[in-house]
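Structural features, examined
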Amino acid sequence: MTEVTELVELSADAAGLSRQDRLAQLRRQIASIPSRGDTSFSGPSVSVTGVSATGVSGTGAAASESVADRGRPVLDRAHKAGVLPVPEGIAALLPQGGLVRGTVVSVEGAASLLVGLVASVTASGGHVAVIGQPRLGLLAAYEMGAQLERLALVPAPGPDPVEIAAVLLDGMDLVILGLAGASVSPSRARAVVARARSKGSTLVVTEGHWDGAEVRLDARVHGYGGFGQGRELGRGRLSSLSLAVRARGRSFQPRTTRLDICSAAGRVEWVPSQPVEAVSERVVSERVVSSQVVSL
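Notes on the structure follow. What you see is a predicted model, and the numbers here were worked out from it, not measured in a lab.

**Some details on the overall build of the protein**
- When its secondary structure is counted, the protein shows 8 helices and 14 strands.
- Expressed as a percentage of the 296 residues in the protein, the buried residues total 46%.
- By sequence separation, contacts in the protein at least 24 residues apart represent 69% of the contacts at least 6 residues apart.
- In the structure as shown, the protein presents an accessible area of about 14,200 Å², 53% of it carried by carbon and sulfur atoms.

Next up, the structure:
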C-alpha cells in the first residue's frame with residue numbers, strides 16, 4: 001500500500017509548508033506512482049470476490065496471490081476506450097455503462113456508492129485518489145474487491161482541496177473529492193474540468209456544490225436485510241443493504257433503480273433488485289420534495 005501511506009503522510013507532514021511547497025511535494029509523490037493501467041470498459045464489472053479482513057496483513061506467496069487475483073472483474077463485452085468501470089447495477093443507469101474519462105460526476109447520499117466506485121476501478125487495475133474523506137470504509141472497499149495498493153488517501157487536504165484534486169488528476173484514473181459543504185465557483189470548476197479532460201481522468205465530487213457536472217448520482221438507503229420479519233423483526237444479522245439510486249445527466253433523462261449489496265460465501269455483490277426506470281424531471285422533483293418532508 002505504498003501510495004496510500006505516502007499521500008497520507010504528506011497531508012500530515014506538510015502542515016508547516018507553504019501552499020506552493022505542498023503542491024511541489026505532492027507533484028513529486030504523483031510522479032513516483034506507476035503508470036495508470038488500462039481500465040476502460042464498455043460494460044459493468046460483475047460481482048467481485050471479497051476476502052477476510054485477516055488477509056490484509058497476510059504474508060507469503062498465498063496472501064500475495066489472493067490479493068492479486070481477487071476482485072478482477074469479468075467482462076461480458078469488449079473493452080471500450082474512455083470509460084471507467086462501475087458496480088453492476090449502476091452501469092445500467094449510465095449511457096456509456098461507466099464513468100466517462102475527462103468528466104466530472106457529482107455523487108450524493110449513501111457512502112456505499114463511493115466505496116463501490118473505488119472497488120471497481122482499483123480491482124480493474126486503475127489508480128484512485130480520495131481527498132477529504134477520512135471516514136471512507138476501507139474494509140468495505142477491500143471486501144468488495146478493491147486493491148488498496150492502488151488507492152491514495154489525502155484525509156486532511158488543508159484549506160484548498162480543489163487544488164490538490166487538480167494536481168492528482170495528473171496521475172490518477174479517478175479522483176474523489178469531498179468538498180465538506182463548500183461551493184466551487186463556476187470559473188474554477190471549468191478550469192478543473194478542462195484539466196480532467198486533458199489528462200483523461202474522472203473527477204467525482206461529493207458533499208458540496210459543483211456547477212456543470214456531467215452526471216449526478218444520488219444513492220439513498222432503502223432498507224436492510226437479515227433482521228427478520230413478524231415476531232422475529234429486529235433479530236438476526238445484517239446480511240444486505242438496499243439502495244435506491246437515481247442518475248441524472250445532460251445527455252439522458254433521469255433514471256432510477258434499486259439494488260442490493262449483499263455478502264454470501266465470501267463474496268460482496270451488487271445485485272439489481274429492480275429494472276432501470278426512466279422518470280421525468282417533474283417526478284424526480286416531487287420525489288425529492290417528498291423525501292425532504294419525511295426527513296423533517
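The structure having been displayed, the exposition proceeds.
**Things to note about the pairing of strand β11 (residues 215-225)**
- Examined bridge by bridge, strand β4 (residues 104-109) and β11 share 5 bridges and lie parallel to one another. Following the sheet pairing, Gly 109 is matched in β11 by Ala 219.
- Here β11 pairs with strand β12 (residues 240-249) via 10 bridges, running antiparallel. Within β12, the position partnered with Leu 217 by the bridge is Ala 247.

**Observations concerning the pattern of salt bridges**
- Within the structure shown, the criterion is met by 8 salt bridges.
- Asp 170 is the salt-bridge partner of Arg 195, the closest N and O atoms lying 3.0 Å from each other. Linking Arg 195 in helix α7 (residues 186-199) with Asp 170 in the loop between α6 (161-168) and β7 (174-178), this pair joins segments that are 25 residues apart in sequence.
- With relative accessibility at 27%, the residue Arg 195 sits in the partly exposed group.
- A salt bridge links Lys 199 to Asp 170; its shortest N-O distance comes to 3.8 Å. With Lys 199 in helix α7 and Asp 170 in the loop between α6 and β7, this pair connects stretches of sequence that are 29 residues apart.
- Judged by its relative accessible area of 29%, Asp 170 is partly exposed.
- What you see here is one network of salt bridges that share partners, running through Asp 160, Glu 163 and Arg 188.

**Considerations on unusual backbone geometry**
- Positive phi is not limited to glycine here, since Ala 180 has a value of about 55°.
- For Ala 180, the location among the structural elements is in the loop between β7 and β8 (183-184).
- Exposure remark for Ala 180: the relative accessible area of 71% places this residue in the exposed category.
- Positioned with a positive phi, Glu 207 is a non-glycine residue whose angle comes to about 60°.
- Mapped onto the secondary structure, Glu 207 falls in the loop between β9 (202-206) and β10 (209-210).

**Some words on the side chain of Thr 257**
- Tracing the backbone through its elements, the reader meets Thr 257 in strand β13 (residues 252-264).
- Exposure remark for Thr 257: the relative accessible area of 3% places this residue in the buried category.
- A distance of 2.8 Å separates a polar side-chain atom of Thr 257 from the backbone oxygen of Gln 274.
- Leave out the neighbours within four places in its chain, and Thr 257 touches Gly 89, Leu 93, Leu 243, Ala 244, Val 245, Gln 274, Pro 275 and Val 276.

**Re the pairing of β4**
- Here 4 bridges tie β4 to β9, and the two strands are oriented parallel to one another. The partner of Val 107 across the bridge, within β9, is Thr 206.

**Regarding the nonpolar core**
- If you look at the biggest cluster of nonpolar residues, it comprises 42 residues, and the most contacted ones within it are Leu 99, Leu 174 and Val 204.
- The element best represented in this core is helix α4 (residues 112-123), accounting for 7 residues.
- Those residues in contact with Leu 174 that sit more than four places away from it in its chain are Leu 84, Leu 99, Leu 117, Val 121, His 127, Val 128, Ala 129, Thr 202 and Val 204.
- One finds Val 154, Leu 179, Leu 203 and Trp 210 within the second-largest nonpolar core, a separate group that totals 25 residues.

**A few points about α7**
- For α7, with 14 residues, the first-to-last C-alpha span of 20 Å sits near the 20 Å given by 1.5 Å per residue.
- The set of residues buried in α7 consists of Ala 189, Val 192, Val 193 and Ala 196. Buried residues in α7, looked at end-on, bunch into an arc of 105°, giving them a common side. Every exposed residue of α7 that faces more than 90 degrees away from the buried side is listed here: Arg 190 and Ser 198.
- Residues of α7 that are buried sit in contact with β4, α6, β8, β9 and β10.

**Remarks on the environment of Ala 166**
- With respect to the helices and strands, Ala 166 occurs in helix α6.
- Relative accessible area serves as the criterion here: at 9%, Ala 166 is assigned to the buried category.
- The sequence separation of Ala 166 and Val 192 amounts to 26 residues, and the corresponding C-alpha distance is 6.1 Å.

**What about the packing of α6 against α7?**
- At a closest axis distance of 9 Å, the pairing of α6 and α7 adopts a crossing angle of 15°. One way to sum up the angle between α6 and α7 is to call them roughly parallel. Crossing hand, α6 versus α7: left-handed. Contacts between α6 and α7 involve Val 162, Glu 163, Ala 166 and Val 167 from the first element and Arg 188, Val 192 and Arg 195 from the second.
- In terms of residue class, the contact of α6 with α7 is built from 4 nonpolar, no polar and 3 charged.

Calculation rules
Residues numbered from 1 in each chain as written. Predicted model: local features only at pLDDT ≥ 70, side-chain atom pairs only at ≥ 80, totals over all residues. Heavy atoms only, no water. Helix = DSSP H or I, 4+ residues; strand = E, 2+ residues; numbered from the N terminus. Buried < 20%, exposed > 50% of the residue type's maximum accessible area, 1.4 Å probe, protein only. Contact = heavy atoms within 4.5 Å. Areas by Shrake-Rupley, 256 points an atom, 1.4 Å probe, with all protein chains shown as cover. Pairing = 2+ DSSP bridges. Salt bridge = Lys/Arg side-chain N within 4 Å of Asp/Glu carboxyl O. Polar contact = N/O pair within 3.5 Å; in protein donor to acceptor, adjacent residues only side chain to side chain. Core = buried A, V, L, I, M, F, W, Y, C linked by side-chain atoms within 4.5 Å. Expected span 1.5 Å × (residues − 1). Arc of directions from axis to C-beta. Axes fitted to C-alpha atoms, helices over the stretch in contact; angles between N-to-C directions. Parallel < 35°, antiparallel > 145°, perpendicular 65-115°, else oblique. Left-handed = near helix turned anticlockwise from the far one by under 90°. Nonpolar A, V, L, I, M, F, W, Y, C, P; charged D, E, K, R; others polar.

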